[in-house]
There are 2 protein chains.
Amino acid sequence: MNPDILKERASATFDVDKLTYILDGGQEKTERRREIESMVFSNPDFDEVDPNFLSSSERYDQAVRKSALMIQKMREYGIADPDDIMYYKRCVQRDKPVPLDLHLGMFLPTLLNQATPEQMDRYFMPAWNFEIIGTYAQTEMGHGTHLRGLETTATYDPDTQEFVMNSPTVSSIKWWPGGLGKTSNHAIVLAQLHTLGTCHGLHAFIVPLRDMDTHQPLPGVVVGDIGPKFGFQEVDNGFLKLEHVRIPRENMLMKYSKVEPDGTYVKPPSAKLTYGTMVFIRAYIVADSGRSLSKAATIAVRYSVVRHQSEIRPGQPEPQILEYQTQQYKLFPILATAYAYTFVGQYMTKTYQRISGDISEGNFSELPELHALTAGLKAFTTWGASAAIEVCRMSCGGHGFSRCSALPDIYVNFTPSCTYEGENTVMMLQTARYLVKSYQQAKAGQRLSGTVAYLNDTGARRVQPQPVSARPVVADVNDLSGLVEIYKLRASILVELAAKSIQQELQRRKRQEEAWNNSAIDLVRASDAHCHYVVVKLFSDKLGEVGDAAIHSVLSTLALLYALHGITNNSGDFLQAGLLSVPQMRQISTSVKELLSGLRPNAVALVDAFDFNDKTLNSVLGRYDGNVYENMFEWARSSPLNATEVHESFHKYLKPLRSKL
Amino acid sequence: MNPDILKERASATFDVDKLTYILDGGQEKTERRREIESMVFSNPDFDEVDPNFLSSSERYDQAVRKSALMIQKMREYGIADPDDIMYYKRCVQRDKPVPLDLHLGMFLPTLLNQATPEQMDRYFMPAWNFEIIGTYAQTEMGHGTHLRGLETTATYDPDTQEFVMNSPTVSSIKWWPGGLGKTSNHAIVLAQLHTLGTCHGLHAFIVPLRDMDTHQPLPGVVVGDIGPKFGFQEVDNGFLKLEHVRIPRENMLMKYSKVEPDGTYVKPPSAKLTYGTMVFIRAYIVADSGRSLSKAATIAVRYSVVRHQSEIRPGQPEPQILEYQTQQYKLFPILATAYAYTFVGQYMTKTYQRISGDISEGNFSELPELHALTAGLKAFTTWGASAAIEVCRMSCGGHGFSRCSALPDIYVNFTPSCTYEGENTVMMLQTARYLVKSYQQAKAGQRLSGTVAYLNDTGARRVQPQPVSARPVVADVNDLSGLVEIYKLRASILVELAAKSIQQELQRRKRQEEAWNNSAIDLVRASDAHCHYVVVKLFSDKLGEVGDAAIHSVLSTLALLYALHGITNNSGDFLQAGLLSVPQMRQISTSVKELLSGLRPNAVALVDAFDFNDKTLNSVLGRYDGNVYENMFEWARSSPLNATEVHESFHKYLKPLRSKL
C-alpha cells in the first residue's frame, strides 16, 4: 500500500462503510453486491484482455464471449433478482456497454409491455433462451429525438395479410441501434403504419433479420455495423435498410393498437402508455450520471494524493498535488456533485417506483410532472457529469490521457447520454414547456403542487429590478436552507423572465411557435435554474435522513460546497435578481475556500465510500493501493506495439529512406 | 451539391475568398497553399485508409509510410520554404500528429540551438538525412511541467571521460516523448548533471538508443511504446529506462554550458536562452486553438444547414436545425471565438517574429511580458477551444459521435494541448505572477507598458463596492471600444483583488508561499480576465486592418458577439464591480439574440472562408457539397466489422448458448 494513501485513510473523520451503505441503499445491499463482485472477479473465465489493446473486431468478440458466459453462469447460479442481475452484469461488463444490452434492456421489456398473449407464446421463451436475439430499431439516419419524422413504412397488404416493411430513402435507414449490426437476428422496428390508404403513425413490428441457422441476412435485409464511434467500441451499433420486406400481420405488436385482417385500424386506449418507459430510462440515466462521475472523481482524488509535484515552500519536499488550492477547487466541487447526482438518482428511482403502481392502474396524475422533471434532470446531470469527467481527466496531467487511467473510457462511454434517450437541449425545452404552462396556470389562480409549487408565489413576489444589498434575502450565506430558498427564487424569476419574453414576442405579432423559438435561450436557462434548485433541495433533504453525526457533518459540508460553488458559477443571476448582495458574494468566495480546506482530510475517504472494486474501476491511476507508477510501467510493456522490439515499418520505410539520398 | 448548402452560399453578403486571404495572411499565401494542397491530394500515393478502421500497429505503420513518402517527395520537389513545408506536412498528415514530428520539430532545432560546431558536424547531416532519427526526452513518469523535479542522472566519470546515464527510480523513466517508442534511434535526454560530486541541474545529452543497422535497443536501454491514449494514435509516445548507459563526454550538448575533460563544470552565459523556444511553441499552440476550433465549427455549421429536424411551425416542412435559436446560440459564439483565436494567433506569431531578432542579439527586454502573455493565452485558448469543440460535436446529435464526423478525432488530438508544453493551471499562475508583480510595480510608482499598462491606473481607480447603475461606465453596450474598456477594468479589478488576497493572507502571518497558494483561485481568475481582455482587444484591433466594407461589417458583428457573449457568461464579475448595470445586462441579452439572427445568412460563408479542403477536414458531416447521408452509408459499409456478413463470434459463442439450455 502506498504510504500517502494510507495516511489519507487514517485522517478520515467518519466510518467509510456506513457511508457506503447509504449510497447503496442499505447494508444488506452493500453486502450482496460485494458477494456477487467476489463471485465474478474470482472466476478467471471472466478475465479480459484490456480492450484498449484490441482491434474493433477483437473487442466485439471478447464482449460477446463474456456476455455468453455471463448468461450461462447466471442460469447456473439461478441469479434472478433484478438488483443481483444488475450487480452481476456490471462486474462482468466492467460498466461497458455490450452488444446484448438492447436484447435484455429493450427487446424483452418491449415484448412484455406490448406483445399480445399469442405473441408472447411465439417470441418470449425463444428470446429468453437466446435463440431469438433482438434489438430495438427506432432512430434513423435522418431522425433521432423527433420521432414523428421517422420515415420507415409498414404498409398493410390485405390480400396476403402481410406488412411490407420499407426504407424509402437513404435517410430512413435505421441507424445506431445497439446489437443491430452483427448480433441480432430479429428487431422490433418502429415504422409509420399505413393501412387502407391512411397513415396511423408510429407502431412497432417484429422483423426477422437473419437466418436462424446460418445467421446470414434474409432477402431484402441490408444490415451491418455503422463503424467506429467515440466510445461504445464493444457494441455493434447497426444500420438496417429494409427493401420491401414482407412480414405476417401477426408480427405487429398488437397489445394496444391493432390492424384487423381486413386492414381496419384499431386505436390504442391511451397515448400515455409509452411515457412510463421513457421516464424510467431517464431516471436511470440520472443515477448513472452520479455513478460515472463518482468513478472519475475516485480516480482523480486518489491520484492527486499519490502524485507529488513542484513546490509550495522552496526547499521542502514536493507536496501531494491535492495540497494545491487550484486542484481542490477543481475536484471537491465535483466530488460534491457526484454525491448530489447520486442522491438525485436515488430519489428519481424511488419516485418512479412509487408512482409506477399508479401508472399501471391507469392513474397518470403525477406522470406529467415526473416526465418534465426527468427530462430536465437527465439533461442537467449528463451535461454536468460529462464536463466534470473531463475536468477530472485533465486534473491528472499527462497520465489522464493514457487509456490506463480509464478516464478517457469513462468519458466516451458516458458522454453519449447527453444525446441518446432525448437530446439534452430538446429535453431542457420540454421541461421549460411544463414550467411555463405551470407558471401560466398559477397566474390564472390555479394552485400548483410538487416541485413547481414555488410558482404559486410569482404573483405575490415582484422581480427585483436591482440588487438591494441593504435588505438581503438570506441572512447567512452558510445556511443551507437559506440557499435552497434563493435557488428557488432564482428559478422562479427565470421562469417568469422566459414567460415574459414569449409574451413580448407575441405582442410584436410573432406567431406562438416563433415566439417560443425566439425565447429558447431564456427557456433553457429557466429549466437549468429549476433543475439546479431541485438538485440543491434534494441534497439538502437527504441530510435529514442521515442519522450518523460524523457522516451528517461531512455530507453537510459537501452540500454547502455544492450550493455555494453553484452560486459563484452563476453569480450574475443572483446579483441581477437582488438575491445576494456584493458583500455576500465576497463572503461566499471566502466560504468556498474554507470548505475546500475543511474537506481535505476526508477526500480519499469520501471516494473510498463509493466502493468501486479495482476491477470495475480498471484504472492504474485510481488503484485502491495507490501503487501507480510500477503498474503503469507494467501496463505499457504489455501494450500491442511492444509485441516486437522492432516494428516492421523500420525495415519497410525508414531504412530505405537513407539509401534514397 | 446539396440544395440547402447552395442556398446558404447564395445568401452571403461578402466575398469569401477575400476573407480567406485575411485569414491566411495574404492572397499569395492562399494561392500557394492551394497549389500545394492540389499537389498532395492529386497524388494517389498519399491516399490513406481511414485510420479509424485500423489497429494501432496499422495506424502507426501507415503514418510512417506517409511520412517517409513525404520526405522523399519534398526532396524531389525541392520544397524548403518554411510555410511550404508546413502546408505540405498538414496535407500529408491531414492535421494528425505523427511519429516523426519530434525529430523534425525538436531534435533538429535543439541541435541547431545547442550543439557545438563539432557536434553539428557529427550529428546534423545524418539527422537531416534520416540515418539518425531522434526525439526529445524530457518528461518522466513522475514529472511533467515541474522540470526541476526530473530525476534522470548524467554522472560524469573523469576516468573514462564518459557520462553515465541512469534512471534511478520507476518514476524517473522517461515517459511520453513522441517517436521514442519505436521510431527513434537517438534521443536528446534531459538529465541532472553530476560532476565532481556536485549537481548542476538539467542539461541535454545525445543518447544512442538503437543499433543503427538492426534497430534493436542497445544494451542498458529499455525502450518501448507507452500504450494507447486519448488521441495521438499514430504516434509511438514512448518510455525510456536507462540502466547505467555510458556515453562519451562529447555527447553533452555544449554550446552554452560545458564539462571539461577533468570534470570541471562551466556555466552557461544566460538562463533566458531557452525561453524563446517555449514562447514560440506556445504561440504556435494559440494559433492551433484557432485552427482546430475552425475545423469543428465548419463541420457543425455545415451539418446544421443540411440536417432538418422537428418543427417550429406545425404542418410546415422540418426546418434546418440552424434555424433554432438554441443551435445558433451554441454555434455562433463559437464561430466568433474561432475567428478571435485565429487573429490572436496571428498577433502572437508576428510579435514573436518581431522580437526574436532582439532575442538572438541578447536583448530580452520584451521577453518577460511575451512569456507571461503566451503562457496565459495558451491556457485560455486551449481550454476555450477544447470545450467548444465538444459543444460542436454534441450540436451534431448522434452523428457527432461517429468517427466519420471527424469531431471525436479533432477533440482527442487537440485536447492534449491543455496539458503539454505547460499544464494550463500552472500557465495561468505564471501569468498571474507577472500580473501581480506588475501591479506592485505600478503601486510603487513604476510606469508599465505593453498589455499590462492598464495597471498603471489601479491607484487612481477605486474598486466600486456596488453596482452604480445611475452612472454606467459604458453608455452603449453595442459599442465595441466601450466593451474593450470594461473588459480592461474587469481585469484590473480582479488583479487587484488577487493581490489583496495575498496581502490579507500575509497579514494573517502566513508565509509568502502559503499566501500565494491560498489565493490561487483568485489568481487564476485574474489571469483569465486578463487574457479575455487581450483577446477582445486584439479582435477589435484587427478590425482596423480590414478595408473591405462587407467583410468589416461581418467581422464587426462577430467581434461584438464574442465580447457580449463573454459578458453574459461572466455577468457576475461585471455586475459585482459595477461595470454594467442590471438594465444593461438585459440589453445585452437582447443584443445577443439580434446578433445571432444577423449572422444567420453568413454562417456558411464564414466557415467556408476557413477554406479547409475536404480531405483535410475528413468529415462526412462537414463535406463542402453537403451530401452527408449517402456518404455516411458508404463509409459505414466499408468499416472493418462489415468485412464479413457473419462475425465468427456467432458460431463461437451465441449459437452454442442455445444448446446449453
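Residues numbered from 1 in each chain as written. Chains lettered and ligands numbered in written order. Predicted model: local features only at pLDDT ≥ 70, side-chain atom pairs only at ≥ 80, totals over all residues. Heavy atoms only, no water.

Participant: For this particular structure, what's the right way to read the overall build of chain A?
Facilitator: What chain A contains, in helices and strands, is 22 helices and 11 strands. For 661 residues, the compact-globule estimate of 2.2 N^0.38 gives 26 Å, and the C-alpha radius of gyration of chain A, at 27 Å, lies within 12% of that figure. Structurally, chain A occupies a C-alpha span of about 85 × 80 × 65 Å along its principal axes. Sorting the 661 residues of chain A into buried and exposed places 61% on the buried side. Across chain A, the 68 positively charged side chains and the 73 negatively charged ones have centroids separated by 6 Å. (Helix = DSSP H or I, 4+ residues; strand = E, 2+ residues; numbered from the N terminus. Rg over C-alpha atoms; globule rule 2.2 N^0.38 Å. Buried < 20%, exposed > 50% of the residue type's maximum accessible area, 1.4 Å probe, protein only. Lys, Arg positive; Asp, Glu negative; His and termini not counted. Charge placed at Lys NZ, Arg CZ, Asp CG, Glu CD.)

Participant: Could you clarify how one ought to interpret the relation of the copies chain B and chain A in this entry?
Facilitator: The operation relating the two chain copies consists of a rotation about an axis and a shift along that axis. For the match of chain B to chain A, the screw axis carries a shift of 0.0 Å, the RMSD comes to 0.0 Å, and the turn is 180°. Here the copies are linked by what is in effect a two-fold axis. Among all residues of chain B, the minimum C-alpha distance to the rotation axis is found for G572 of chain B, at 1.8 Å. Looking at the interface residues of chain B, 100% of them are also at the interface in chain A, so both copies use one shared face. (Least-squares fit on C-alpha atoms with pLDDT ≥ 70 in both. Contact = heavy atoms within 4.5 Å.)

Participant: Help me out: how do you make sense of the confidence of the model for chain A in this one?
Facilitator: Parts of the model with low pLDDT should not have their predicted coordinates read in detail. Summing up the model confidence of chain A, the mean pLDDT is 94 and the portion of residues at 70 or higher is 97%. Prediction confidence for the complex, expressed as pTM and ipTM, is 0.97 and 0.96 respectively. (pLDDT = per-residue confidence, 0-100.)

Participant: Would you mind going over the packing of helix α13 (residues 480–507) of chain A against helix α16 (residues 549–569) of chain A with me for this structure?
Facilitator: Residues and elements named next belong to chain A. Direction vectors running N to C along α13 and α16 enclose 35°, while the axes themselves pass 10 Å from each other. Crossing hand, α13 versus α16: left-handed. The segment α13 lies against α16, with L480, L483, I486 and Y487 engaging A559, L560, Y562, A563, L564, G566 and I567. Partitioning the contact of α13 with α16 into residue classes produces 10 nonpolar, 1 polar and no charged. (Axes fitted to C-alpha atoms, helices over the stretch in contact; angles between N-to-C directions. Left-handed = near helix turned anticlockwise from the far one by under 90°. Nonpolar A, V, L, I, M, F, W, Y, C, P; charged D, E, K, R; others polar.)

Participant: Whenever I open this one, the pattern of salt bridges confuses me. Can you help?
Facilitator: Residues and elements named next belong to chain A. Enumeration over the complete set of coordinates arrives at 90 salt bridges over all chains. Taking the shortest distance from any N to any O, the salt bridge between D528 and R490 comes out at 4.0 Å. Residue D528 is located in helix α15 (residues 520–543), and its partner R490 is located in helix α13; the two are separated by 38 residues in the primary sequence. A relative accessible area of 3% places R490 in the buried class. Each of D17, D24, R33, R34, E37 and D611 takes part in salt bridges that share partners, so that together they form one network. (Salt bridge = Lys/Arg side-chain N within 4 Å of Asp/Glu carboxyl O.)

Participant: Hey, could you run me through the interface of chain B and chain A in this one?
Facilitator: The accessible area lost on association of the parts is a frequent measure of interface size. Each partner contributes to the interface: chain B provides 139 residues, whereas chain A provides 139 residues. Taken together, both faces of the contact between chain B and chain A bury some 11800 Å²; the carbon and sulfur share is 60%. Contact with chain A buries area across many residues of chain B, yet F230, F401 and I521 of chain B alone supply 6% of it, more than any other trio. Applying the counting criterion to the chain B and chain A interface returns 12 salt bridges. Its salt-bridge partner being K593 of chain A, residue D522 of chain B comes within 2.4 Å of it at the nearest N-O pair. Where chain B packs against chain A, one counts 66 residue pairs in polar contact (both at pLDDT 80 or more). A per-class count over the side of chain B that touches chain A returns 56 nonpolar, 47 polar and 36 charged. (Buried area = accessible area lost by both parts, 1.4 Å probe. Polar contact = N/O pair within 3.5 Å; in protein donor to acceptor, adjacent residues only side chain to side chain.)

Participant: Can you walk me through the pairing of strand β6 (residues 198–208) of chain B in this structure?
Facilitator: One face of the sheet, then the other: side chains in a regular strand alternate in exactly this way. Residues and elements named next belong to chain B. Summarising the sheet, strand β5 (residues 186–195) and β6 pair through 9 bridges and their orientation is antiparallel. Each bridged residue has a counterpart across the sheet, and for H186 the counterpart in β6 is P208. Two successive antiparallel strands, β5 and β6, enclose a turn made up of 2 residues, where L196 displays a positive phi of approximately 50°. (Pairing = 2+ DSSP bridges.)

Participant: So what exactly am I meant to see when it comes to the packing of aromatic side chains here?
Facilitator: One pass over the structure, following the stated rule, counts 38 aromatic pairs over all chains. Pairing Y487 of chain A with F574 of chain A gives two aromatic rings, centres 5.4 Å apart and planes at 80°, and the pair type is edge-to-face. Taken together, the positions of Y487 of chain A in helix α13 and F574 of chain A in helix α17 (residues 571–576) put the pair 87 residues apart, joining distant regions of the chain. With a centroid separation of 5.1 Å and 55° between ring planes, the pair formed by Y156 of chain B and F163 of chain B is classed as tilted. Each member of the pair, Y156 of chain B together with F163 of chain B, is buried. Of note, R393 of chain A hangs over the ring of F401 of chain A, and the distance from its end group to the ring centre comes to 4.5 Å. Between R9 of chain B and the ring centre of Y624 of chain B, over which it is positioned, the NZ or CZ distance is 3.6 Å. (Phe/Tyr/Trp six-rings, centres within 6.5 Å; stacked < 30°, edge-to-face > 60°. Lys NZ or Arg CZ within 6 Å of the ring centre and 35° of its normal.)

Participant: Sorry, what's going on with the side chain of D409 of chain B here?
Facilitator: Summarising the element assignment, D409 of chain B is placed in helix α11 (residues 407–414). Residues contacting D409 of chain B, with those up to four places away along its chain left out, are N52 and R403 of chain B.

Participant: Any chance you could explain the sheet that holds strand β8 (residues 238–242) of chain A here in plain terms?
Facilitator: Backbone hydrogen bonds hold the strands of a sheet together, and the pairing may be parallel or antiparallel. Sheet architecture is open: 3 strands sit in the order β4-β8-β7 (chain A), paired in antiparallel fashion. Every interior strand has two partners, whereas the edge strands, β4 (174–175) and β7 (221–225) of chain A, have only one. In terms of strand pairing, β7 of chain A meets β8 of chain A through 5 bridges, oriented antiparallel. Counted as the bridge partner of V223 of chain A is L240 of chain A from β8 of chain A. Packed on one face of the sheet, helix α21 (residues 628–637) of chain B meets β4, β7 and β8 of chain A and runs near 115° to β8 of chain A.

Participant: How do you make sense of the sheet that holds strand β7 (residues 221–225) of chain B when you look at a structure like this?
Facilitator: Pairing is antiparallel across the open sheet formed by 3 strands, whose spatial order is β4-β8-β7 (chain B). At either end of the open sheet lies a strand with only one pairing partner, and these are β4 (174–175) and β7 of chain B. Seen against the sheet, helix α21 (residues 628–637) of chain A touches β4, β7 and β8 (238–242) of chain B and runs at an angle of roughly 115° to β8 of chain B.

Participant: Mind showing me how you'd approach the packing of helix α9 (residues 325–360) of chain A against α15 of chain A here?
Facilitator: The axes of two packed helices give the description: the angle between them and the distance between them. Residues and elements named next belong to chain A. At their nearest, the axes of α9 and α15 sit 9 Å apart, and the two run at 85° to each other. In terms of their interaxial angle, α9 and α15 are classed as roughly perpendicular. The residues of α15 that touch α9, namely those facing A336, Y339, A340, F343, V344, Q346 and Y347, are V535, L538, F539 and K542. The residue inventory of the contact of α9 with α15, partitioned by class, reads 9 nonpolar, 1 polar and 1 charged. (Parallel < 35°, antiparallel > 145°, perpendicular 65-115°, else oblique.)

Participant: Got a minute to help me understand unusual backbone geometry in this structure?
Facilitator: Most peptide bonds adopt trans geometry, and most residues besides glycine take a negative phi value. At D95 of chain A, a position not held by glycine, the phi torsion is positive, near 65°. Inspection of the secondary structure assignment puts D95 of chain A in the loop between α5 (82–93) and α6 (101–114).

Participant: Before we go on, may I ask you to explain the state of the cysteines in this structure?
Facilitator: Throughout this description, disulfide means a covalent bond between two cysteine sulfur atoms. Evaluated as defined, the whole model comprises 0 disulfides over all chains. Left unpaired, C418 of chain A is separated from the closest cysteine sulfur, that of C531 of chain A, by 13 Å. The exposure class of C418 of chain A is buried, given its relative accessible area of 1%. Cysteine C404 of chain B is unpaired, with the sulfur of C396 of chain B as its nearest cysteine sulfur at 10 Å. (Disulfide = S-S within 2.5 Å.)

Participant: I keep staring at the environment of H186 of chain B and nothing clicks. Help me out?
Facilitator: Residue and element names in this part refer to chain B. With respect to the helices and strands, the residue H186 is situated in strand β5. Given the relative accessible area of 6%, H186 is considered buried. Separated by 54 residues in the primary sequence, H186 and I132 place their C-alpha atoms 6.5 Å from one another. Look past the residues within four positions of H186 in its chain and what remains in contact with it is F107, Y123, I132, I133, G134, T135, I206, V207, P208, L209 and M212.

Participant: Any chance you could explain helix α5 (residues 82–93) of chain B here in plain terms?
Facilitator: Residue pairs three or four apart in sequence face the same way in an α-helix, which turns once every 3.6 residues. All names here are of chain B. For α5, with 12 residues, the first-to-last C-alpha span of 16 Å sits near the 16 Å given by 1.5 Å per residue. Where α5 starts, the residue carrying a side-chain oxygen 3.0 Å from the main-chain nitrogen of D83 turns out to be D81. Of the residues flanking the end of α5, it is R94, one or two places downstream, whose phi is positive at about 50°. (Expected span 1.5 Å × (residues − 1).)

Participant: How should the environment of A379 of chain B be read in this particular structure?
Facilitator: Residues and elements named next belong to chain B. Here A379 lies in helix α10 (residues 367–395). When its relative accessible area of 0% is taken as the criterion, A379 is described as buried. Note: C-alpha distance between A379 and P656 (277 residues apart in sequence) is 55 Å. The residues contacting A379, other than those within four sequence positions of it, are N424, M427 and M428.

Participant: What is the right way to look at helix α9 (residues 325–360) of chain B in this model?
Facilitator: Residue and element names in this part refer to chain B. The end-to-end C-alpha separation of α9 is 52 Å, in line with the 52 Å expected for 36 residues at 1.5 Å each. Along α9, the largest kink reaches about 30° and is centred on R354. The buried fraction of α9 amounts to 26 of the 36 residues, a majority that puts the element mostly inside the structure. (Bend = angle between axes of the 7 residues up to and from the residue.)

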